[in-house]
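Take a look at the letters that make up each chain.
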Amino acid sequence: MSRGKKHTGRLVLGVDVGGTNIKSVLVDVRGEILATMKRSTLARKGRDAVIDRIVMTLRDTAKKSGFPMKRVTGAGVGFAGPLDPATGVVFNPPNLPGWSNVPLRDILRQRLKMPVSLDNDANLVALGEHWKGAGRGAKCLVCLTLGTGVGGGIIVDGRVMHGARGIAGEIGHMTLVRNGRMCACGNKGCLEAYASAKGLVARMQELLKNSKGPKRGRVTPENIWRWAHSGDKLANKTIKDTGTMLGVAIASVANILNPDIVVLGGGVSNLGDPLFGAVREEVRKRALPKITEGLQVVGAELGDSAGALGAARSLLLSLNT
Ligand SMILES: [Zn+2]
């Protein structure tokens, strides 16, 4: 690990606060990682305890790197939305009880005594992948995080596309099926209801209900992957159908934004080639030929440090505006 006097330029902290873990990095302006840290969020202990843990994690990350906190220029924070990146207020994240209209950016500014920026975690995963991961150099990047939900982020010319009120990029909630499956957002037929871990499991259960095949164990994403690899037809069809739904959504997004790269991350993207194959086939079938010609659909590269790296990047960008 590089230490001390070698780095004379700016150092920034980035932190990704999830419902389960807080992940942080200390980086230089080129995104070279000087230290990382991971702590459990302990969301059930409530808002103030979580804020204390964010502050502690950031201080400890600096300490671990060997740099004093006063050498750090600022901290970028990624948080579960919905939130307003312009005002730094978190509205009411469904997976974090006790948070409602919290001015998180300003609270952290006061506690850390440095500039702080705040953005939606999925936007920052997209920004991280654009900065140091699978989407380096892309003019327009779309990133989907396929986990418990489906997070979306759009990067144009190196910056997050925020829209009028900071909420843009919620690709997980684009309607794919009129009167389709219920989504956590209250709408029916959202992409998230089909391409999240829950959606994947729901598809397998639908197929099982209509089949007379052998009994299987508990339907989980891990088991679907395992069954598919041992030649289970229904598990393979589940993955293909999930990829097809994703492909339908991505074809529409591609026609609107004309991205050069679509990055897929999160647990469901670990289904690998069978999923990606179905996605690419469907995108090719549906999107305009000129759009698909220049379009790559690839896996994320940064794994679980993408959000924290993107957070650090967003702080750097905020300093230059
Ligand atoms: Zn939805």
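Residues numbered from 1 in each chain as written. Predicted model: local features only at pLDDT ≥ 70, side-chain atom pairs only at ≥ 80, totals over all residues. Heavy atoms only, no water.

Chemist: Help me get a handle on the sheet that holds strand β12 (residues 296-299), residues and values and all.
Modeler: Within the open sheet, the five strands sit side by side as β10-β9-β8-β11-β12. Their pairing is mixed. Of all the strands in the sheet, the pair left with one neighbour each is β10 (159-160) and β12. Summarising the sheet, strand β8 (residues 140-146) and strand β11 (residues 261-265) pair through five bridges and their orientation is parallel. Paired with Leu144 across the strands is Leu264, a residue of β11. Each of β8, β9 (150-156) and β11 touches helix α7 (residues 233-257); the most contacted strand, β8, lies at about 155 degrees to it. Contacts from helix α8 (residues 273-286) reach β8, β11 and β12, with the element oriented near 165 degrees to β12. (Pairing = 2+ DSSP bridges. Helix = DSSP H or I, 4+ residues; strand = E, 2+ residues; numbered from the N terminus. Contact = heavy atoms within 4.5 Å. Axes fitted to C-alpha atoms, helices over the stretch in contact; angles between N-to-C directions.)

Chemist: Just give me the short version of the sheet that holds strand β3 (residues 33-40), but keep the residues and values in it.
Modeler: By way of backbone hydrogen bonds, the strands of a sheet pair with one another, either parallel or antiparallel. Taking strand neighbours across the sheet as the criterion, the five strands line up as β3-β2-β1-β4-β7 in an open arrangement whose pairing is mixed. If you trace the sheet from one side to the other, it starts and ends with β3 and β7 (116-120), each paired once. Between one strand axis and the next, the sheet turns through 15 degrees on average, direction left out of account. Packing of helix α3 (residues 121-132) onto the sheet brings it into contact with β1 (11-17), β2 (21-28), β4 (72-79) and β7, and relative to β7 it is tilted by some 105 degrees. Each of β1, β2, β3, β4 and β7 is contacted by helix α10 (residues 306-319), which is oriented at about 130 degrees to β1, the strand it contacts most.

Chemist: For the coordination of the zinc ion, give the residues involved together with the corresponding values.
Modeler: Taken together, His173 (ND1), Cys183 (SG), Cys185 (SG) and Cys190 (SG) make up the protein donors of the zinc ion, found 2.1 to 2.3 Å from the metal. Coordination at the zinc ion is tetrahedral, judged from the four donor atoms that bind it and the angles of 106 to 121 degrees they form at the metal. All donors of the zinc ion belong to a single chain; written as a sequence motif, their spacing is H-x9-C-x1-C-x4-C. Of the two residues, His173 sits in the loop between β10 and α4 (192-195) while Cys183 sits in the loop between β10 and α4, which places them 10 residues apart along the sequence. (Donors = N, O, S within 2.8 Å, 3.2 Å for Na, K, Ca; no water. Tetrahedral: all angles 85-135°; square planar, octahedral: opposite > 155°, others 65-115°.)

Chemist: A description of the pairing of β8 should follow, citing residues and the corresponding values.
Modeler: For β8, the tally of buried residues reaches six of seven residues, placing the bulk of the element in the interior. Summarising the sheet, β8 and β9 pair through seven bridges and their orientation is antiparallel. Looking across to β9, one finds that Thr145 is bridged to Gly151. Linking β8 back to β9 in an antiparallel pair, the connection comprises three residues. (Buried < 20%, exposed > 50% of the residue type's maximum accessible area, 1.4 Å probe, protein only.)

Chemist: Provide a residue-level description of the pattern of salt bridges, including the pertinent values.
Modeler: Tallied over the entire structure, the rule returns 19 salt bridges. Arg111 serves as the salt-bridge partner of Asp52, at 2.9 Å between the closest nitrogen and oxygen. Of this pair, Asp52 sits in helix α1 (residues 47-65) while Arg111 sits in helix α2 (residues 104-112), and the two are 59 residues apart along the sequence. Overall, the relative accessible area of 38% leaves Asp52 in the partly exposed class. A residue is classified by how much of its surface remains accessible, and Arg111, at 33% relative accessible area, is partly exposed. When salt bridges with common partners are traced through the structure, they connect Arg181, Arg203, Glu206, Lys237 and Asp241 into a single cluster. (Salt bridge = Lys/Arg side-chain N within 4 Å of Asp/Glu carboxyl O.)

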